[in-house]
Amino acid sequence: MSTFQAPKGTYDLIPPDSAKFLAVREAISAPLRDSGYGYIETPGFENVELFARGVGESTDIVTKEMYTLTTKGGDQLALRPEGTASVLRAALEANLHKAGNLPVKLWYSGSYYRYERPQKGRYRHFSQVGAEAIGTEDPVLDAELIILADQAYRSLGLQQFRILLNSLGDRECRPVYREALQTFLRDLDLDEETRRRIEINPLRVLDDKRADVQKQLTDAPRLRDYLCDACKAYHEEVRALLTAAGVVYEDDEKLVRGLDYYTRTTFEFVHDGLGSQSAVGGGGRYDGLSEMIGGPALPSVGWALGVDRTVLALEAEGVELDLPVTTSVYAVPLGDEARRALFTVVTELRRAGVAADFAFGGRGLKGAMKSANRSGARYTLVAGERDLAEGVVQLKDMESGEQAAVGLADVVAELKTRLG
Ligand code: HAM
């Protein structure tokens, strides 16, 4: 072991488990790529103000969890805690919204950083795949995104997840509700910090997990009763579209989310096998975010799914992914001459698109065959001096155990045929 370890709250992705992460990213992004979402990549850090204004000054993410730094040039930066503000910033900067092709549909995949208290499923460095549809107010778009996330999870074989759905209202109706809620909350028996929260972000109090707080919230005013007609109609349309698509969801009026930019549709994907960190993904509409970061009015909607938690959910359900074969052929040379000859074969196989690996380092047959087994290769090629003198290599089918001598010049073609 080296003197160093991965920083607290982080972990390394190493084979063979790392293959699961690649497969999850692929499965989440595939439905997006097939639905008109283009790939976007933004820097790992941004001006700290972008997140302060975008995610919200009162959120835990901005007040407690951002990794901030001052550069030698004096710029105040933050490692990105989430992707939405960055993606919208990039779309505005590139004027994507002016190309007359709204919505601008984008997907991304990357690392995010939050200085949170680490526990299973909650890390300081984690990975998301996300999607944002920018510049259009249309309930079909909200439904499309939820349906695509559902499709991605199902394609992975996940079953024990639930979709929680809510509407947070808009800039007309939410302030009225907020005030009614504040008036109600101020009369409750709550600790100092929660009292402060009432003034800054009262909706978050509804999300409080403590039983003694929840008990007092039974008669709290409900946002649903305050939604304006336009928000109500919009939400009903999203619900109807999901139902028509056969996507099962639960109405959850306590679903608030931890970022301030949401308006109207909000949703979360939760998995029941994950304990307290049960949200595998979440998102919603953010009609005011563009203006909050200095852009024009661009109503938008999106989500991000956590890759780490999705992998944990697969493990909780015991789903074995059908991972792509990494090595089809493993070559074991015995002696220097065989090393050169088989390495030539391996190179040719690779150029022909066959995944092939090699026993490096002049190891003995026994150790090399162990590596061949571990590689999962369907075929091994073994050659010693006597084989080469006869112009052949020994081709072994690792499934049936059958072995045959094949001409050195024919072995690439033979393997291509056998592997289809
Ligand atoms: P979020 O709910 O903060 O939303 O994060 C989305 C997902 O990222 C979570 O459901 C979870 O799976 C994963 N995640 C978040 N924090 C951690 C952590 N500390 N450790 C492991 N996984 C984590 C957003 O980030 C929004 N930008 C989503 C969005 C996109 N809304 C609109 N567009």
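Residues numbered from 1 in each chain as written. Predicted model: local features only at pLDDT ≥ 70, side-chain atom pairs only at ≥ 80, totals over all residues. Heavy atoms only, no water.

The protein chain appears in an unreviewed UniProt entry as Histidine--tRNA ligase from Streptomyces nanshensis. Under the UniProt heading Catalytic activity (unreviewed entry), the note attached to the protein chain is "tRNA(His) + L-histidine + ATP = L-histidyl-tRNA(His) + AMP + diphosphate + H(+)". Checking UniProt for the protein chain, the heading Subunit (unreviewed entry) contains the comment "Homodimer." (UniProt positions renumbered as here; feature names shortened; annotations may be inferred.)

Asker: Report on the pattern of salt bridges, specifying residues and quantitative values.
Answerer: Should their charged atoms come close, side chains of opposite charge can pair. Considering all chains together, one arrives at 33 salt bridges under this definition. With a closest N to O distance of 3.9 Å, Asp60 and Arg197 form a salt bridge. Of this pair, Asp60 sits in helix α3 (residues 60-64) while Arg197 sits in helix α7 (residues 192-200); the two residues are 137 residues apart in sequence, bridging distant segments of the chain. Accessibility expressed as a relative area gives 24% for Arg197, which makes it partly exposed. Residue Asp207 pairs with Arg204 through a salt bridge whose shortest N-O separation is 3.1 Å. In the salt-bridge network here, residues are joined through shared partners; they are Asp60, Lys64, Glu193 and Arg197. (Salt bridge = Lys/Arg side-chain N within 4 Å of Asp/Glu carboxyl O. Helix = DSSP H or I, 4+ residues; strand = E, 2+ residues; numbered from the N terminus. Buried < 20%, exposed > 50% of the residue type's maximum accessible area, 1.4 Å probe, protein only.)

Asker: For the packing of aromatic side chains, give the residues involved together with the corresponding values.
Answerer: All told, the structure shown has 14 aromatic pairs when counted by the stated rule. Pairwise contacts between aromatic rings join Tyr153, Phe161, Phe267 and Phe269 into one cluster. Directly above the ring of Tyr234 sits Arg264, whose terminal nitrogen or CZ lies 4.8 Å from the centroid. (Phe/Tyr/Trp six-rings, centres within 6.5 Å; stacked < 30°, edge-to-face > 60°. Lys NZ or Arg CZ within 6 Å of the ring centre and 35° of its normal.)

Asker: Lay out the UniProt feature "domain: Aminoacyl-transfer RNA synthetases class-II family profile" (unreviewed entry) in the protein chain with the relevant residues and their values.
Answerer: The positions that UniProt labels "domain: Aminoacyl-transfer RNA synthetases class-II family profile" (unreviewed entry) are, in the present scheme, residues 24-324. Taken end to end, residues 24-324 is 38% helix and 21% strand, and its two terminal C-alpha atoms sit 12 Å from one another.

Asker: Could you give me a rundown of the site of the ligand, with the residues and numbers involved?
Answerer: In the neighbourhood of the ligand, 27 residues make up the surrounding shell, with Glu82, Glu116, Tyr123, Glu132 and Tyr262 lying closest. Glu116 is positioned such that a nitrogen or oxygen atom in its side chain is 2.6 Å from a nitrogen atom of the ligand. Between the ligand and the protein, one listed contact pairs a nitrogen atom with a backbone N or O atom of Tyr123 at 2.8 Å. Coverage of the ligand by the protein chains reaches 97% of its 660 Å² of free accessible surface. At 6 residues, the largest contribution of residues to the shell around the ligand is made by strand β10 (residues 279-285). For the shell around the ligand, a count of residues per class yields 11 nonpolar, 9 polar and 7 charged. (Near = heavy atom within 4 Å. Polar contact = N/O pair within 3.5 Å; in protein donor to acceptor, adjacent residues only side chain to side chain. Areas by Shrake-Rupley, 256 points an atom, 1.4 Å probe, with all protein chains shown as cover. Nonpolar A, V, L, I, M, F, W, Y, C, P; charged D, E, K, R; others polar.)

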